Amino acid sequence: MKIISTVSIMPMRKHFVLAGFAFVLALAGTSPALAGRQVHGGDVAKLLSGRAFKIECVDGTQGRGQISQAGMINVSYRRPSGSRDESDNALMRVKGVEICLAWKQFGGGGDGCYPVSEEAAGTRYRLSTGPMWCDISTK
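In what follows, the accompanying structure is described. Here the structure is a predicted model, which means the values were calculated and not measured.

**Structural notes on the state of the cysteines**
Within this structure, the stated rule accounts for two disulfides. In this model, Cys57 is linked to Cys134 through a disulfide, with the two sulfur atoms separated by 2.0 Å. Looking down the S-S bond of the Cys57 and Cys134 bridge, the torsion is 100 degrees, so its handedness is right-handed. A residue pair is termed long-range when its members are at least 10 positions apart, and Cys57 in strand β2 (residues 52–57) and Cys134 in strand β9 (residues 132–137) qualify at 77 residues. The residues Cys57 and Cys134 share a single accessibility class, namely buried.

Now the structure itself:
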C-alpha cells in the first residue's frame, strides 16, 4: 500500500489558492478603470451642447446626432436588424450625475435618466442603465 502524505500536497494547493485570490484581486482592481469615470451630467451636457456626435449602443444600434444650445437632441440611427434609418428627438435634462431624456421611439421610447461615465478623456461618454448602454463620441 502506498501512503501519500498530505503535507506534500498542501503547499501546492495553498500556492494555487493564493495565486487565484491574487488574480481575483487584480481583476477587481482593474474593473473600475475599465468601467470609466463617473462624471456630472451637467458637465457633459455643457461639453456636448451645440456639437455633433456619433452614437453606438450595446445592442448594435449606430447613428449620428446633434445637441442644440437649448438642449434638444436630434438623432438619426439604424438598428442592427433595420434596413432603413430612423430618427427621433428628445429634450435633455440634467439630474446630478444623470442625463434624462424622453424619446418617442429611440431605445424603445419612454422617459429615462442615465448615469454618465467618461470612457475616453473629453471625447467619449457612456449613458447606461444596467447592462444596456450607449456611447456618445464627439470624434
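**Re the pairing of strand β4 (residues 72–78)**
Here β4 shows a clear split, with Ile73, Val75 and Tyr77 buried on one side and none of Met72, Asn74, Ser76 and Arg78 buried on the other. Inspection of the sheet shows strand β3 (residues 62–67) paired to β4 by six bridges, in the antiparallel sense. Directly across from Gln66, in β4, lies its bridge partner Asn74. Hairpin connection between β3 and β4: a loop of four residues separates the two successive antiparallel strands, and Gly71 in this loop has a positive phi of roughly 90 degrees. For β4 and strand β5 (residues 86–95), the ladder comprises six bridges, and the chain directions are antiparallel. Following the sheet pairing, Ser76 is matched in β5 by Ser87.

Procedures and definitions
- Along each chain, residue indices are assigned from 1 in the same order as the chain's sequence is written.
- The predicted origin of the model limits local features to residues at a pLDDT of at least 70 and limits the giving and counting of side-chain atom pairs to 80 or more, whereas totals for whole chains, interfaces and linings rest on all residues.
- Neither water nor hydrogens contribute to the side-chain values; these are computed over all heavy atoms in the structure.
- Throughout, a disulfide means two cysteine sulfur atoms within 2.5 Å of one another.
- Numbered from the N terminus, helices here are DSSP runs of H or I no shorter than four residues, and strands are runs of E no shorter than two.
- For each residue, the accessible area found with a 1.4 Å probe, counting protein chains only, is set against the maximum for its type, and the residue is called buried under 20%, exposed over 50%, and partly exposed in between.
- For two strands to be treated as a pair, DSSP must find at least two bridges joining them.

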